[in-house]
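# Observations on the three-dimensional arrangement
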Amino acid sequence: MPYPEIRPRRLRRTAAMRRLVSETRLDPAELVVPMFVKEGLTEPRAIASLPGVLQHSRDSLRKAAVGAVQAGVGGIMLFGVPASRDACGSGGVDPGGILNVAIRDVVAEVGDATVVMSDLCLDEFTSHGHCGLLTPTGEVDNDATLAAYAEMAVAQAAAGVGVVGPSGMMDGQVAVVRQALDVAGHTDVAVLAYAVKYASAFFGPFRDAVESALEGDRRAYQQDPANLRESLREVTLDVAEGADMVMVKPALPYLDVVAAVHAAVDVPVAAYQVSGEYAMVEAAAANGWVDRERVIMETLTSIRRAGAQIILTYWAVEAAQLLRQRY
Ligand code: PBG
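Residues numbered from 1 in each chain as written. Predicted model: local features only at pLDDT ≥ 70, side-chain atom pairs only at ≥ 80, totals over all residues. Heavy atoms only, no water.

### Quick look at the nonpolar core
By size, the foremost hydrophobic cluster in this structure holds 100 residues, and its most contacted members are F36, L78, V246 and V261. With 7 residues, strand β7 (residues 190-197) is the single largest residue contributor to this core. Once residues lying within four places of it in the same chain are set aside, the contact partners of V261 are V196, L232, V235, V246, V248 and V269. (Core = buried A, V, L, I, M, F, W, Y, C linked by side-chain atoms within 4.5 Å. Buried < 20%, exposed > 50% of the residue type's maximum accessible area, 1.4 Å probe, protein only. Helix = DSSP H or I, 4+ residues; strand = E, 2+ residues; numbered from the N terminus. Contact = heavy atoms within 4.5 Å.)

### Digging into the packing of aromatic side chains
All chains considered together, the criterion is met by 9 aromatic pairs. Arranged with centres 5.1 Å apart and planes meeting at 75°, the rings of F79 and F206 form a pair that is edge-to-face. Remark: F206 occurs in helix α7 (residues 204-209) and F79 occurs in strand β4 (residues 75-81); sequence separation between them is 127 residues. Owing to a relative accessible area of 1%, F79 belongs among the buried residues under this scheme. An angle of 50° between the planes, with centres 6.1 Å apart, marks the rings of Y272 and Y314 as tilted. Of the two residues, Y272 is situated in strand β9 (residues 269-273) and Y314 in the loop between β10 (310-313) and α12 (316-325); the sequence distance between them amounts to 42 residues. (Phe/Tyr/Trp six-rings, centres within 6.5 Å; stacked < 30°, edge-to-face > 60°.)

### Brief notes about a nonpolar patch on the surface
Together, L11, L20 and V21 make up an exposed nonpolar region whose accessible area comes to about 270 Å². Along the chain, the position of L20 falls in helix α1 (residues 15-21). (Patch = residues over 30% accessible without salt bridge, like charges linked within 9 Å, V, L, I, M, F, W, Y side chains within 5 Å. Areas by Shrake-Rupley, 256 points an atom, 1.4 Å probe, with all protein chains shown as cover. Salt bridge = Lys/Arg side-chain N within 4 Å of Asp/Glu carboxyl O.)

### Considerations on the side chain of Q156
Tracing the backbone shows Q156 in helix α5 (residues 142-158). Here the side chain of Q156 touches D119 through a polar contact of 3.0 Å, landing on its backbone oxygen. Dropping the residues within four chain positions of it, Q156 is found in contact with L99, N100, I103, S118, D119, L120, V161 and V164. (Polar contact = N/O pair within 3.5 Å; in protein donor to acceptor, adjacent residues only side chain to side chain.)

Below, the structure is given as structure tokens:
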């Protein structure tokens, strides 16, 4: 070796040294667990393509929410699966709809012990499975959908949610939701904008989880995976429209986007480690092909390192427990 001998390995030799110089630390408080609740269930039900994730009954959801709080997670993101659907997704707006009822249940159970969030989108509630209302020719009608989102936001806020997550990728959705919340007196409800959402095949298992009726795809409103600059345009617009936090989704295949968004805005950046990311690791681990826990922590660390301050992950509760025990 030439002199002076520069030996980066000195800082890797012991666990104590590695811990000292670690640049990225995960904390349970940064993890948000998505949870599904299905109308009419009396027992929780497994989701084949998401092993370990459940469609909850109202009762099991309350218990799972308490468990998540005990594990120390930063938030819970709720998704509802209705028993029946219609063309305009009226179950999402109805105060008695499953998602709004579940928000009430969870808030009654956990209060402010964690942040209760809800997906604000019509795809779980529409008979065609699209994120918005359709025109007579079958296109997603941006502006008609905005009116439905406004109503849905107010219903979720009235149910007590702390954060709404508009995820439908309609232009102008953040502004419309913010205004509707404010006019209805819900000025304290925050908006986590799914600002950057790619038309991704990694959402596949989620569509099983919510029993989505979608045929076709969402490429006319979700983003092209080929584009990065477009994401900066989307986040800039959402922040200008009043987003309190912005999200990038999926996470692991888009770490360059997470990093660019983190550099571009001054609001907290979240990333959603989506269903397909989870399912791939679970499938490989079930075959003994990867070390499951190490891969989980490595993916979360990488998403955090890229610049996501908040991570939505189906492993949130388990990862929070692992972080407390071992890492
Ligand atoms: C839309 C929504 C989707 C996901 C979260 N919110 C589905 C979609 O856009 O098709 C996907 C999450 C995941 O795959 O884990 N309501």
